[in-house]
Amino acid sequence: MEQMSGSRSWPGGGSTLAYVRDPQALFDRQWDQFGPVSRISFLGKPWALLLGPDACEAVLTNREKAFASGPGWIKAAGPFFGRGLMFLDFAEHLLHRRIMQQAFTRDRLEGYTAGMQSTIASGINGWEASPDFRAYPALKQLTLDVAAEIFMGGAEHTSPDDMDRINRAFIDCLQAATGIVRTDVPFTRWHKGVRGRAVLEEFMRGYLPSRRASEGDDMFSILCHIETDDGERFSDDDVINHMVFLMMAAHDTSTITLSTMMQYLGQHPEWQQRLREEAAHLGDAPTLAELNALTSFDLVMKECLRLVAPVPVLARKTVKATSVLGVHIPADHFAIVAPHFSHYMTEFWTNPSDFDPERFAEPRLEHKSHRHAWDPFGGGVHKCLGMFFAGGEVASVLHHLLRRFEWTVDPDYQVPMNYHSLPFPNDGQPMSLRRL
Ligand code: HEM
């Protein structure tokens, strides 16, 4: 069996800075030099870097159960979202996922989508048209408001200032992940992350008694009550851990997806108009079924998730020695899977840097060129549980936007993307926004 080749230079900074600056350039270099399975030095440790859909498939289908998610993500993202579903493995993960699936049934998803319409409509109504509108912070505030409504049942007794504090705590937890100092030392990002996690737990714990007692249809109350056919339920700590993780998993990913969609629709007005016309028959309270029937919305969302994968890499750690595509990976070794790289491979995509939503439509169906060519939601047992929720939220926001505004973005604009945590535009995503 082949041994892994690549960089041995650890525990120095290794490829961490190169990743933060430009992950695609780093992946291209590794692929050209070493192929689909190589070694990089990342966050002071050697990692196996697994590139391309075949390597993705091997890890995500995980036939030998050699790859664990929790220890990989704790190393990559820190302990701040620990015990959320993505951090659990094997039998324990299966049990928690079976319980949590009850919160994502078709009926529940219809209910969440219906519940978010008025928050979205009034949030977007409050946007002020401007030739220098910053879409990212506005979208972030909006998705936070939706999360407070749908996940927290309105978070009664929480003032806008307190909600800002909670948002800050999430950001601190997310940004702690790429801190250089990775223990709790005052004034470091890590320390802010530890404090942020404590704030989030205290916030959730404060609501626990009322949500245990409520029969509300918010995610928090639902997590308190759901059980499997065998009567398995979440403990108080489970509910809090899952809530902290879900709020994070749902919030930043939807924000960057919407921000990317606004950018490309601003650069391609013909697509913006096509979407506006496609949804013209819908009012201010579309159902999930109606939103799902908007095929052009779906094509644009798929294309934007390809161009900017909100979760560009997935972290794993081997629990035993294994091999991927004939290359040996030792036990207790960290591994990175990079869907972002697959999304730009010329083997599977025509002119991959171009915005071309029709590539997802008949007869081209480029995403079907390989089962793992398009993996923004991951795959296998950890595949995103919220992907249909996300589809409903993103389409809802876009629909309300298209009814009220039109916008343009400089066709030559390149996003200064920040990869310190999940990707976001450093400049807040500028555009010219006009009320219709
Ligand atoms: C466009 C938006 C989203 C994207 C791109 C996305 C992406 C992902 C990815 C790639 C994973 C797999 C991670 C891995 O295998 O290591 C994942 C897991 C997960 N996501 Fe999402 N996500 C999105 C929105 C959401 C939303 C809205 C929710 C909740 C309402 C959610 C809940 C989850 C959960 C619970 C998991 C863990 C699943 C498990 O480990 O079994 N996600 N997501």
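These figures come from a predicted structure and were not determined experimentally. (Residues numbered from 1 in each chain as written. Predicted model: local features only at pLDDT ≥ 70, side-chain atom pairs only at ≥ 80, totals over all residues. Heavy atoms only, no water.)

K.L.:
Describe the pattern of salt bridges, and please don't skip the residues or the numbers.
P.N.:
Should the charged atoms of two oppositely charged side chains come close, the side chains can pair. With the rule as written, the count across this model stands at 25 salt bridges. Taking the shortest distance from any N to any O, the salt bridge between Asp 172 and Arg 168 comes out at 3.2 Å. Taken together, the residues Asp 172 and Arg 168, both in helix α8 (residues 160–176) and four residues apart, mark about one turn of the helix. Assessed through its relative accessible area of 10%, Asp 172 is described here as buried. (Salt bridge = Lys/Arg side-chain N within 4 Å of Asp/Glu carboxyl O. Helix = DSSP H or I, 4+ residues; strand = E, 2+ residues; numbered from the N terminus. Buried < 20%, exposed > 50% of the residue type's maximum accessible area, 1.4 Å probe, protein only.)

K.L.:
Give a description of the site of the ligand that names residues and reports values.
P.N.:
Around the ligand there are 29 residues in total, and Trp 73, His 93, Arg 97, His 382 and Cys 384 lie nearest to it. Side-chain polar atom of Arg 316 to an oxygen atom of the ligand: 2.8 Å apart, as the coordinates give it. Mapped by element, the contributors of at least two residues to the shell around the ligand are α5 (90–100), α11 (236–267), β6 (314–318) and α16 (387–404). At six residues, the largest contribution of residues to the shell around the ligand is made by α11. Counted by class, the shell around the ligand contains 20 nonpolar, six polar and three charged residues. (Near = heavy atom within 4 Å. Polar contact = N/O pair within 3.5 Å; in protein donor to acceptor, adjacent residues only side chain to side chain. Nonpolar A, V, L, I, M, F, W, Y, C, P; charged D, E, K, R; others polar.)

K.L.:
Give a detailed account of the nonpolar core, specifying residues and quantitative values.
P.N.:
Ranked by size, the top nonpolar core spans 142 residues in total, and within it Phe 81, Trp 127, Phe 151 and Leu 223 carry the most contacts. Looking at this core, the element that brings in the most residues is α11, giving 15 residues. Setting aside residues no more than four positions away along its own chain, Leu 223 makes contact with Met 100, Ala 103, Phe 234, Val 239, His 242, Met 243 and Leu 246. (Core = buried A, V, L, I, M, F, W, Y, C linked by side-chain atoms within 4.5 Å. Contact = heavy atoms within 4.5 Å.)

K.L.:
Before we move on, can you summarise the side chain of Ser 15 with the specific residues and values?
P.N.:
Along the polypeptide, Ser 15 turns up in the loop between β1 (5–6) and α1 (16–21). Setting aside chain neighbours within four positions, we find Ser 15 in contact with Leu 26, Ile 40, Ser 41 and Phe 42.

K.L.:
Describe empty space enclosed by the protein, with residues and values.
P.N.:
Evaluation of the coordinates by the stated rule reveals two cavities of 30 Å³ or more. The space that makes up the second largest cavity amounts to roughly 30 Å³. Contributing to the lining of the second largest cavity are Thr 143, Val 146, Ala 147, Phe 151, Ala 250, His 251, Phe 389 and Glu 393. Of all the elements in the fold, those that place two or more residues in the lining of the second largest cavity are α7 (135–150), α11 and α16. For the lining of the second largest cavity, the element with the highest residue contribution is α7, accounting for three residues. By residue class, the composition of the lining of the second largest cavity is five nonpolar, two polar and one charged. (1 Å grid on protein atoms, 1.4 Å probe; cavity = no way out; pocket = protein on both sides within 12 Å on 5 of 7 lines; lining within 4 Å. Points joined across faces, edges and corners; volume = space filled by probe spheres on them.)

K.L.:
Just give me the short version of the coordination of the iron atom of the ligand, but keep the residues and values in it.
P.N.:
In this structure, the iron atom of the ligand receives exactly one donor atom from the protein: Cys 384 (SG), at 2.3 Å. Structurally, the position occupied by Cys 384 is in the loop between α15 (339–342) and α16. (Donors = N, O, S within 2.8 Å, 3.2 Å for Na, K, Ca; no water.)

K.L.:
Describe the packing of α7 against α8, and please don't skip the residues or the numbers.
P.N.:
Packing of α7 against α8 leaves a shortest axis separation of 11 Å and a crossing angle of 105°. Comparing the axis directions of α7 and α8 gives the class roughly perpendicular. Two secondary-structure elements touch here, α7 through Lys 140, Gln 141, Leu 144 and Ala 148 and α8 through Met 163, Asp 164, Asn 167 and Ile 171. (Axes fitted to C-alpha atoms, helices over the stretch in contact; angles between N-to-C directions. Parallel < 35°, antiparallel > 145°, perpendicular 65-115°, else oblique.)

K.L.:
Could you give an account of the side chain of Glu 303, naming the residues involved and the relevant values?
P.N.:
Relative to the assigned elements, Glu 303 resides in helix α14 (residues 295–307). In terms of polar contacts, Glu 303 uses its side chain to reach the backbone amide nitrogen of Asp 356, at 2.7 Å. If we skip the residues at most four places from it in the chain, Glu 303 touches Asp 354, Phe 355, Asp 356, Pro 357, Arg 359 and Phe 360.

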